[in-house]
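# Structural characterization, general
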Amino acid sequence: MTQFSKIELNYHDSKASVVPHGAHVLDYHPAGQPPVLWTSQLALFQDGKAIRGGVPVIWPWFGSHPTDAEKSSHGVARNMAWQVLGVTESAASFSLLPASENSHPLVDGRFECQLDVILDEALTVKLTTKNVGDSPFKMTAALHSYFHVGDATQIAIKGLDGRTYIDQLDSNQRKLQQGPIQIDQEVDRIYINSTDTVEIHDPVLGRVIEIQKEGSLSTVVWNPWIEKSKRMADFGEQEYLEMVCVETCNAADDQRTLVPAEQHSLLTRIFSRPND
Ligand code: TA6
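Description of the structure in this document. A quick note: this is a predicted structure, and the numbers were derived from the prediction, not measured. (Residues numbered from 1 in each chain as written. Predicted model: local features only at pLDDT ≥ 70, side-chain atom pairs only at ≥ 80, totals over all residues. Heavy atoms only, no water.)

## As for the sheet that holds strand S2 (residues 14-19)
Reading across from one edge, S1-S2-S3 is the order of the 3 strands in this open sheet, with antiparallel pairing throughout. Among the strands making up the open sheet, the edge pair consists of strand S1 (7-11) and strand S3 (24-29). When strand polarity is set aside, the average angle formed by the axes of neighbouring strands in this sheet is 20°. Pairing geometry for S1 and S2, over 5 bridges, is antiparallel. (Pairing = 2+ DSSP bridges. Helix = DSSP H or I, 4+ residues; strand = E, 2+ residues; numbered from the N terminus. Axes fitted to C-alpha atoms, helices over the stretch in contact; angles between N-to-C directions.)

Following this line, the structure appears as structure tokens:
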């Protein structure tokens, strides 16, 4: 098995697949539904590179590195080959490091980092970090899910009404969400103090994608729209219309500090149902 060998998961007539590279969930296809996750036609499958789509594992920093701008955006985990811990018909588990190791040159501290993928009536992705060092371990993280939609300009993203968000496109101003989120321009927002389940209402595909979460107080909503799409080599110019990211995070104010021996799990549970 190589780091890009697909591990296929099955549960009744639902399917999903994940690769050891980045412990990256590539797709999720519930029974009788169009694919729920989206991957770019231009996605790269190269050692050391992130795959554009599916569920990238962002760890142990979200966005730019907190102190070293030279370090790559969104951490190290999504670019690395993970170890396969176990695979069953409907689940797979991965470890970022071999059992004999607990450190990485770009990460401060000693840690264990595991990703579990479980397929049943939904798709659950759980990222667990354990501090195995003797000093506090600080991290931000995200399960950076890319969702497939029929037309991004026609969806309504519900569940965050009344929440405060950090607008990453307007000097990180803190603003109040009023009503459903609609996509008619680039959107890049970190919603804070939210344990909410988010729903993507998609009239074109006639369904609602529900994103539940545990261990997270922040949710990112992102669509690159036209100009940012053109600046990404692994993103087709028109692909912004068929996707939206709703990311289950520990980001911004939701940074986590683990004391020695403490562990934390960030979990997203994705479920798709026909339109209400
Ligand atoms: O989660 C939203 C975001 O931080 C956006 O600002 C955009 O940069 C996106 O992640 C993708 O980042 P990437 O490093 O994968 O190109």
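## Considerations on the state of the cysteines
Think of a disulfide as a covalent bridge from one cysteine sulfur atom to another cysteine sulfur atom. Counted according to the given criterion, the structure contains 0 disulfides. Counting only cysteine sulfurs, Cys249 is the nearest neighbor of Cys113, a cysteine outside any disulfide, at a range of 15 Å. Cys113 gets classed as buried once you look at its relative accessible area, which sits at 4%. Judged by relative accessible area, which is 0%, Cys249 ranks as buried. (Disulfide = S-S within 2.5 Å. Buried < 20%, exposed > 50% of the residue type's maximum accessible area, 1.4 Å probe, protein only.)

## Remarks on the side chain of Asp151
Looking at the element boundaries, Asp151 is found in the loop between strand S11 (146-148) and strand S12 (156-158). Despite its burial, Asp151 remains without a salt bridge, the nearest opposite charge being carried by Arg207 at 13 Å. With residues up to four places along the chain from it excluded, the contact list for Asp151 reads Val204 and Leu241. (Lys, Arg positive; Asp, Glu negative; His and termini not counted. Salt bridge = Lys/Arg side-chain N within 4 Å of Asp/Glu carboxyl O. Contact = heavy atoms within 4.5 Å.)

## Concerning the sheet that holds S12
Strand order in the open sheet formed by 8 strands is S5-S6-S7-S8-S21-S17-S16-S12, and the pairing between neighbours is antiparallel. The sheet is open, and its two borders are formed by strand S5 (83-87) and S12, each paired with just one other strand. The mean angle between the axes of side-by-side strands here comes to 15°, regardless of whether they run parallel or antiparallel. Here S5 runs beside strand S6 (residues 91-95); their pairing, made up of 4 bridges, is antiparallel. Residue pairing for S6: Val84 is matched across the bridge by Phe94.

## Section: the site of the ligand
Inspection of the region around the ligand gives Arg52, Phe62, Ser73, His74, Arg78, His144, Asp188, Val220, Trp222, Lys228 and Glu247 as its neighbouring residues. A distance of 3.0 Å separates an oxygen atom of the ligand from a polar side-chain atom of Arg52. In this structure, an oxygen atom belonging to the ligand sits 2.8 Å away from a side-chain N or O atom of Arg78. Here the ligand has 390 Å² of accessible area as a free molecule, and 83% of this is covered by the chains. When atoms are counted within 2 Å of each cavity's grid points, the one that captures over half of the ligand is the largest pocket. Of the residues contributing to the shell around the ligand, the split by class is 3 nonpolar, 3 polar and 5 charged. (Near = heavy atom within 4 Å. Polar contact = N/O pair within 3.5 Å; in protein donor to acceptor, adjacent residues only side chain to side chain. Areas by Shrake-Rupley, 256 points an atom, 1.4 Å probe, with all protein chains shown as cover. 1 Å grid on protein atoms, 1.4 Å probe; cavity = no way out; pocket = protein on both sides within 12 Å on 5 of 7 lines; lining within 4 Å. Sits in = over half its atoms within 2 Å of the grid points. Nonpolar A, V, L, I, M, F, W, Y, C, P; charged D, E, K, R; others polar.)

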